[in-house]
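Examining the three-dimensional arrangement
Read off the chains here:
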Amino acid sequence: MATHNDSLTTQLQQAEPHIADGGFTDQLMQQIAGQPHVIRPKQQRAMWLAVAITLLGSSVAAFGLSHASVPDLQLLLVPSWRTGFTPAELMAMLAAGWCSALFMGGLALVKLR
Amino acid sequence: METAALIKRVLQFGDQHAFAQLVQQHQSALRYSLRQWVGWDTSLADDLAQEVFLKAYRKLHQFQAQAKFSTWLYRIAYTTWLNYIDKQRVQEAPLDELTEARCDKSIQQAGAAIDIERALRQLTVPQRVAIHLCLQRGFSHGDAADIMNLPLGTVKTHVNRGREQLTHLMRDYQEAANGNA
């Protein structure tokens, strides 16, 4: 450190107040706890597992949609395919697929925190 | 615990308590510096200080052990502040608000502090920062040049011109105060 010992330096240094922490550090550490700078290997494995299950869930949902027998749905998405699933079966497949995707996506987010 | 030991604990064990101690050691000085740079907007300065410490935490592995932690931290702070003013136009707080930060000082000291801050506002931004780093924080001209990413000669010029102007302004304020008394 340089030394600048003159009256101006002294005045400047004396003019400076000590700023009390006042929760500054706690607030910062809460932010840090919520945003780790590294993803640990265990979290990485959980993330890849979540991605794989999300893809699987989305595939199930896509399969359900592509085999839709509800006329409106067919009209909107896949007009020419018809397999004879009942609306209840179709909705169950869709719901299972999307719930699985949402659940695993949420789990991935929780694990990454 | 010393700064180097705390940094080692953060890097080796991910010890967040050690980082909290580092923050506690530097928060007052850094928050005051940022308040001065942003024009005494305390909320803005504290937001930027949080950002600076967060960046420091994330980049701590890049810190070179032979360097001074305070220089490294101030380089982050200066860059963060420059990035901010690139995006926004910073308005300086009215002088009345400065007294808020002076409650722990005597009236005479508080008056002197306000005079200094009023005088500092008359300087150009690089002069103000160079004066603050070298005179108030005690950084060498080389460290200040490193923090501000400016040539050494430019920093010395800012310090010398700023010092001359500040001395002149402070003398004027003192004469005016003596005249009023």
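As named in an unreviewed UniProt entry, chain B is RNA polymerase sigma factor, taken from Simiduia aestuariiviva. In its Sequence similarities (unreviewed entry) section, UniProt records this for chain B: "Belongs to the sigma-70 factor family. ECF subfamily."

Per an unreviewed UniProt entry, chain A is named DUF5056 domain-containing protein, and its organism is Simiduia aestuariiviva.

This next bit is on the interface of chain B and chain A. Facing 41 residues of chain B, the contacting portion of chain A comprises 27 residues. For the pair chain B and chain A, the two sides together bury roughly 3300 Å², of which 60% comes from carbon and sulfur. Linking chain B with chain A are one salt bridge. Between B:Arg137 and A:Glu16 there is a salt bridge, with the nearest N and O atoms lying 2.8 Å from each other. Across the contact surface, chain B and chain A share 10 residue pairs in polar contact (both at pLDDT 80 or more). At the level of secondary structure, the elements contributing two or more residues to the side of chain B that touches chain A comprise helix 2 (16–38), helix 3 (42–58), helix 5 (107–121), helix 6 (125–136) and helix 8 (152–180) of chain B. Looking at the side of chain B that touches chain A, the element that brings in the most residues is helix 2 of chain B, giving 11 residues.

Let us now look at a nonpolar patch on the surface. All names here are of chain A. On the surface, Trp48, Val51 and Leu55 cluster together into a nonpolar patch covering about 340 Å² of accessible area. Looking at the secondary structure, you find Val51 in helix 3 (residues 41–66). By relative accessible area, Val51 is classed as partly exposed at 37%.

Okay, the nonpolar core next. All names here are of chain B. Residues Phe19, Leu30, Leu34, Trp37 and Leu133 are the most contacted members of the largest nonpolar core, which totals 60 residues. Residue-level mapping places this core at the junction of two domains, with at least three residues from each of domain 1 (1–93) and domain 2 (105–181). With sequence-adjacent residues up to four places away left out, Leu133 is seen in contact with Trp37, Tyr74, Gly138, Phe139, Ala144, Ile147 and Met148.

With that out of the way, let us pick up helix 2 (residues 24–34) of chain A. Of the residues making up helix 2 of chain A, those classed as buried are A:Phe24, A:Thr25, A:Leu28, A:Met29 and A:Ile32. Take helix 2 of chain A and look down its axis: the buried residues cluster within an arc of 120 degrees, on one side only. In helix 2 of chain A, the exposed positions that point more than 90 degrees away from the buried face belong to A:Asp26 and A:Gln30. Buried residues in helix 2 of chain A make contact with helix 2 and helix 3 of chain B.

All names here are of chain B. Position of Asp15 among the secondary structure elements: in the loop between helix 1 (3–13) and helix 2. Its relative accessible area of 14% is what places Asp15 among the buried residues. A distance of 2.9 Å separates the side chain of Asp15 from the side chain of Arg9, its partner in a polar contact. Discounting chain neighbours no more than four positions away, the residues touching Asp15 are Arg9 and Val10.

Basis of the calculations
- Residues numbered from 1 in each chain as written.
- Chains lettered and ligands numbered in written order.
- Predicted model: local features only at pLDDT ≥ 70, side-chain atom pairs only at ≥ 80, totals over all residues.
- Heavy atoms only, no water.
- UniProt positions renumbered as here; feature names shortened; annotations may be inferred.
- Contact = heavy atoms within 4.5 Å.
- Buried area = accessible area lost by both parts, 1.4 Å probe.
- Salt bridge = Lys/Arg side-chain N within 4 Å of Asp/Glu carboxyl O.
- Polar contact = N/O pair within 3.5 Å; in protein donor to acceptor, adjacent residues only side chain to side chain.
- Helix = DSSP H or I, 4+ residues; strand = E, 2+ residues; numbered from the N terminus.
- Patch = residues over 30% accessible without salt bridge, like charges linked within 9 Å, V, L, I, M, F, W, Y side chains within 5 Å.
- Areas by Shrake-Rupley, 256 points an atom, 1.4 Å probe, with all protein chains shown as cover.
- Buried < 20%, exposed > 50% of the residue type's maximum accessible area, 1.4 Å probe, protein only.
- Core = buried A, V, L, I, M, F, W, Y, C linked by side-chain atoms within 4.5 Å.
- Domains from an automatic or database assignment.
- Arc of directions from axis to C-beta.

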